[in-house]
Amino acid sequence: FLYEGDAPLAERRAAALALDSGLLGELLGRVDLRELLDPEVLAETARQLRWRTEQRRPRDPEDVVELLRVVGDLSSAELAERGAPESWADELAAARRVLRVRIAGEDRWVVVEDAARLRDALGVALPVGVAEAYLAPVADPLTDLVARYARTHGPFAAATCAARFGLGVFVVEQALRRLAANGRVVSGEFAPDTVGTQWCDAEVLRLLRRRSLAALRREIEPVPPRALAT
């Protein structure tokens, strides 16, 4: 017992982070990783998920279609932040591959495959000329949109997601609970600088844990005696 607390902080954090999330939740009553997840890992992973890194910059209109399919609706300004000029979106709109619609009081670009999903979940008014093949109803459009939001973000508050879609927080929380029941999202406290319940896609959380654990293990790697002496 004398040396029980002598382990370095990084080593203790790494040991806690290696625990299974389900077991951690059972032990603590909820998943609380605020002191364990690395803030730099959180920020960089969120940038990658949102296609904000240099490696994920669109190179041509085809990449813009893939960007909107993976990330979801984006405004012209958000496309420009990622290096995609509005002329590419205009070109795709002329070919009916993307649509400009209004979501939460803002004009945004979406892929035509999302037309029915946005219409049924958010009441979005679709432009004239959308092919019938893209207008067939989907089973649970709102849950689809919220699931994609979770896949392309780090830990987030339900209110933030609700604001993105112009919805009430309760409506989004209901969708998140449906996803949580299927193990697709997890609720808890994740980001160091936040208070209150957050939500995170289960796969994203696994990625954050792996990357944070790797960062912590780098901190406790053995060093030569010279480094210890200095």
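Residues numbered from 1 in each chain as written. Predicted model: local features only at pLDDT ≥ 70, side-chain atom pairs only at ≥ 80, totals over all residues. Heavy atoms only, no water.

Caption draft 1: Spotlight on the confidence of the model for the protein chain. In the predicted model, the protein chain carries a mean pLDDT of 86, and 81% of its residues have values of at least 70. Every residue in residues 26-30 is under pLDDT 50, and counting partners more than four places away or in other chains gives six contacts. (pLDDT = per-residue confidence, 0-100. Contact = heavy atoms within 4.5 Å.)

Caption draft 2: Seen up close, the pattern of salt bridges. For the coordinates displayed, the defined rule picks out 20 salt bridges. For the salt bridge of Glu44 with Arg47, the shortest nitrogen-to-oxygen distance reads 3.5 Å. With a gap of three residues between them, Glu44 and Arg47 both fall in helix α3 (residues 39-49), about one helical turn apart. The exposure class assigned to Glu44 is partly exposed, which follows from its relative accessible area of 33%. Where Arg100 meets Glu86, a salt bridge forms, and the shortest distance between an N and an O atom there is 2.9 Å. Pair noted here: Arg100 is in strand β2 (residues 98-103) and Glu86 is in helix α6 (residues 86-94), with a separation of 14 residues, a long-range link. Under the relative-accessibility criterion, Glu86 is labelled partly exposed at 34%. (Salt bridge = Lys/Arg side-chain N within 4 Å of Asp/Glu carboxyl O. Helix = DSSP H or I, 4+ residues; strand = E, 2+ residues; numbered from the N terminus. Buried < 20%, exposed > 50% of the residue type's maximum accessible area, 1.4 Å probe, protein only.)

Caption draft 3: A look at the environment of Leu74. Its location among the elements puts Leu74 in the loop between α4 (61-71) and α5 (76-81). Leu74 gets classed as buried once you look at its relative accessible area, which sits at 0%. As for Leu74 and Val110, which are separated by 36 residues in sequence, their C-alpha atoms are 7.0 Å apart. Ignoring sequence-local partners within four residues, the contact set of Leu74 consists of Arg50, Leu67, Leu68, Leu79, Arg82, Arg108, Trp109 and Arg164.

Caption draft 4: Molecular detail of the environment of Ala139. Here Ala139 is to be found in the loop between α7 (115-122) and α8 (141-151). Between the alpha carbons of Ala139 and Arg117 there is a distance of 9.1 Å; along the sequence they are 22 residues apart.

Caption draft 5: Broad picture of the packing of α8 against helix α10 (residues 169-181). Two elements in contact, α8 and α10, have axes whose closest approach is 9 Å; the angle formed by their N-to-C orientations is 80°. With respect to α10, the element α8 is oriented roughly perpendicular. Taking contact as the criterion, the partners of Leu142, Thr143, Val146 and Ala147 in α8 are, on α10, Val171, Val172, Ala175, Leu176, Arg178 and Leu179. Taken together, the residues of the contact of α8 with α10 sort by class into eight nonpolar, one polar and one charged. (Axes fitted to C-alpha atoms, helices over the stretch in contact; angles between N-to-C directions. Parallel < 35°, antiparallel > 145°, perpendicular 65-115°, else oblique. Nonpolar A, V, L, I, M, F, W, Y, C, P; charged D, E, K, R; others polar.)

Caption draft 6: Molecular detail of the packing of aromatic side chains. Tallied over the full model, the rule gives two aromatic pairs. With a centroid separation of 5.0 Å and an interplanar angle of 80°, the aromatic rings of Tyr149 and Phe156 are classed as edge-to-face. Exposure class is identical for Tyr149 and Phe156. Each is buried. With a centroid separation of 6.1 Å and 65° between ring planes, the pair formed by Tyr149 and Phe165 is classed as edge-to-face. Note that Tyr149 is positioned in helix α8 and Phe165 in helix α9 (residues 158-165), a separation of 16 residues in sequence. In terms of burial, Tyr149 and Phe165 fall into one category: buried. Among the aromatic residues, those joined into a cluster by ring pairs are Tyr149, Phe156 and Phe165. (Phe/Tyr/Trp six-rings, centres within 6.5 Å; stacked < 30°, edge-to-face > 60°.)

Caption draft 7: Focus on the nonpolar core. Ranked by size, the top nonpolar core spans 28 residues in total, and within it Leu122 and Val146 carry the most contacts. Listing elements by their share of this core, those giving two or more residues are β2, α7, α8, α9 and α10. In terms of residue count, the dominant contributor to this core is α8 (six residues). Not counting chain neighbours up to four residues away, the residues in contact with Val146 comprise Cys161, Val172, Ala175, Leu176 and Leu179. Listed in part, the 15 residues of the second largest apolar core include Leu68, Val71, Trp88 and Val98. (Core = buried A, V, L, I, M, F, W, Y, C linked by side-chain atoms within 4.5 Å.)

Caption draft 8: Representation of the packing of α7 against α8. Where α7 contacts α8, the two axes come as close as 8 Å, and the packing angle between them is 105°. The angle between α7 and α8 falls in the class roughly perpendicular. Note on element contacts: α8 touches α7 through Pro141, Leu142, Asp144 and Leu145, opposite Arg117, Leu118, Asp120, Ala121 and Leu122. In the contact of α7 with α8, the residues fall into six nonpolar, no polar and three charged.

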